[in-house]
Amino acid sequence: LNSYLKLCTEFYNIDKPYAWPNTLAFILDMVRNASGPILEPMCGSGRYLLPIVAEGFDIEGVDASPYMLAALKETAKTRNIVPRVSQQFLHEMSLDRQFGFVFIQDASFSLITDREQAQESLRRIRHHMAEGGRFIFGACVGKKAGAQSWPWGGRWVTRPDGATILGTGLGYYDVQDGVSRSIGRYELILDGKLIDTEFESFDLRYYDVADMVQMLRSAGFAEIETLKAHAHRPPDEGDDEILFTAVAN
Ligand SMILES: C[S@@+](CC[C@H](N)C(=O)[O-])C[C@H]1O[C@@H](n2cnc3c(N)ncnc32)[C@H](O)[C@@H]1O
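Sequence order as written defines the numbering, with residues in each chain counted from 1. In keeping with the predicted nature of the model, local features appear solely for residues at pLDDT of at least 70, side-chain atom pairs appear and are counted solely at 80 or more, and the whole-chain, interface and lining totals rest on all residues. Side-chain metrics in this entry use all non-hydrogen atoms of the structure; hydrogen atoms and water are not considered.

1. What about the site of the ligand?
- The full set close to the ligand counts 21 residues, and Y12, M42, R47, D63 and L90 are the nearest of them.
- Here a polar contact is recorded for every N or O atom pair within 3.5 Å, except that within protein the pair must consist of a potential hydrogen donor and a potential acceptor, and residues adjacent in sequence are included only if both atoms are side-chain atoms. The backbone of M42 places a nitrogen or oxygen atom 2.9 Å from a nitrogen atom of the ligand.
- Note that a nitrogen atom of the ligand is positioned 3.0 Å from one of the backbone N or O atoms of L90.
- Per-residue accessibility takes into account occlusion by the displayed protein chains alone, with areas from the Shrake-Rupley method and a 1.4 Å probe. Protein contacts shield 95% of the accessible area of the ligand, which totals 600 Å² for the unbound molecule.
- All residues other than Ala, Val, Leu, Ile, Met, Phe, Trp, Tyr, Cys, Pro, Asp, Glu, Lys and Arg, Gly among them, are scored as polar; the first ten of these are nonpolar and the last four charged. The residue inventory of the shell around the ligand, partitioned by class, reads 12 nonpolar, 5 polar and 4 charged. Here a residue is near a molecule or strand as soon as one of its heavy atoms is found within 4 Å of it.

2. Some details on the sheet that holds strand β3 (residues 84–87)
- DSSP bridges decide pairing: two strands pair if at least two such bridges lie between them. A run of DSSP states H or I qualifies as a helix once it reaches four residues; a run of E qualifies as a strand once it reaches two. Both are numbered from the N-terminal end. The 7 strands lie next to each other as β3-β2-β1-β4-β5-β11-β10, forming an open sheet whose pairing is mixed. Single-partner strands in this sheet number two, and they are β3 and β10 (221–228). Averaged over all neighbouring strand pairs, the angle between strand axes comes to 15°, with direction disregarded.
- For strand β1 (residues 38–41) and strand β4 (residues 99–104), the ladder comprises 2 bridges, and the chain directions are parallel. Looking across to β4, one finds that I38 is bridged to F101. The axes are straight lines fitted to the C-alpha atoms, using for helices just the contacting stretch, and the angles between their N-to-C directions are given from 0 to 180°.

3. Focus on the packing of helix α1 (residues 6–15) against helix α4 (residues 66–78)
- The geometry of α1 relative to α4 is characterised by a closest axis approach of 8 Å and an angle of 40° between their N-to-C directions. The angle between α1 and α4 places the two elements in the oblique class. Considering how the two elements wind past one another, α1 and α4 form a crossing that is right-handed. Contact residues: α1 offers K6, T9, Y12 and N13, while α4 offers Y67, M68 and A71.
- Of the residues contributing to the contact of α1 with α4, the split by class is 4 nonpolar, 2 polar and 1 charged. In what follows, roughly perpendicular refers to angles from 65 to 115 degrees, roughly parallel to angles under 35, roughly antiparallel to angles over 145, and oblique to any angle outside these ranges. Whether a crossing is left-handed or right-handed is set by the direction in which the near helix is turned from the far one by less than a right angle, anticlockwise for left-handed and clockwise for right-handed. Pairs of residues are marked as contacts when any of their non-hydrogen atoms sit within 4.5 Å.

4. Topic: the nonpolar core
- Each nonpolar core is a collection of buried residues, namely Ala, Val, Leu, Ile, Met, Phe, Trp, Tyr and Cys, held together in the definition by side-chain atoms within 4.5 Å. Relative accessibility thresholds used throughout: buried, under 20% of the residue-type maximum; exposed, over 50%; partly exposed, between the two (1.4 Å probe, protein chains only). Membership of the largest hydrophobic core comes to 30 residues, with the highest contact counts inside it found for F109, I125, F135, F137, L216, F221 and F244.
- Those elements that provide at least two residues to this core are β4, α5 (115–127), β5 (129–140), α6 (209–218) and β11 (241–248).
- Leave out the neighbours within four places in its chain, and F135 touches V102, I104, L122, I125, M129, L216, F221, F244, T245 and A246.
- Judged by nonpolar contacts, the second largest core, of 24 residues, contains M30, A76, F101 and I136.

Read these as geometric descriptors, not functional statements.
Pasting the structure below:
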């Protein structure tokens, strides 16, 4: 994985330490209605997983980034939580039990830009689900009208020790592939000196909705619906980030 490395993880955790309250409430509603354990692939640093453990639910997480998982474990320790997480790529995921509810937050599924890997990831998720269980995940969708690019731009966050972490990037939208491709640069600055730099690739696939429905069907899901992110109603025309829900069949 060439993203979510050390500095990116530090930046992410200072920038997004907590779950969005409305989104967490939406997910918790579904968690309460689920039967069986819960799985959160791409759980990252645990801003959704940890509050769900704290509510007393049996939830397991998977993520490909060792840095994000290390951050999750560190936060868990401060809350006296022992999380059940493992470092795996979704398209290679192998766990020893089945789950009644699976969710992937935000549009993270779009980080899987290779269609074959995406299809295999959906198969692995289905394989780990009990029949009748619900799967909900977000993805970027739709084809943009034309090629677009964006110049260097970004933000910074301040670490508790006063260091600055500068996060910048530039990228373009590849119309042919329906993928936006960016280079991210994270810089650690302490007392006016550059201490460390990390470069990352950050690509997102804008999935075709009909194609995603087909991929879900061929992975063994039924009752496939799209939703506006995070609401119980259909997406609006032109939404480029939506939720898919499906039932393991
Ligand atoms: C945008 S972060 C979201 C983290 C968390 N869900 C949240 O909302 O804070 C996306 C996460 O997906 C993980 N990831 C990206 N590609 C992955 C893959 N193919 N398999 C497993 N995890 C992956 C990254 O390591 C990162 O932690």
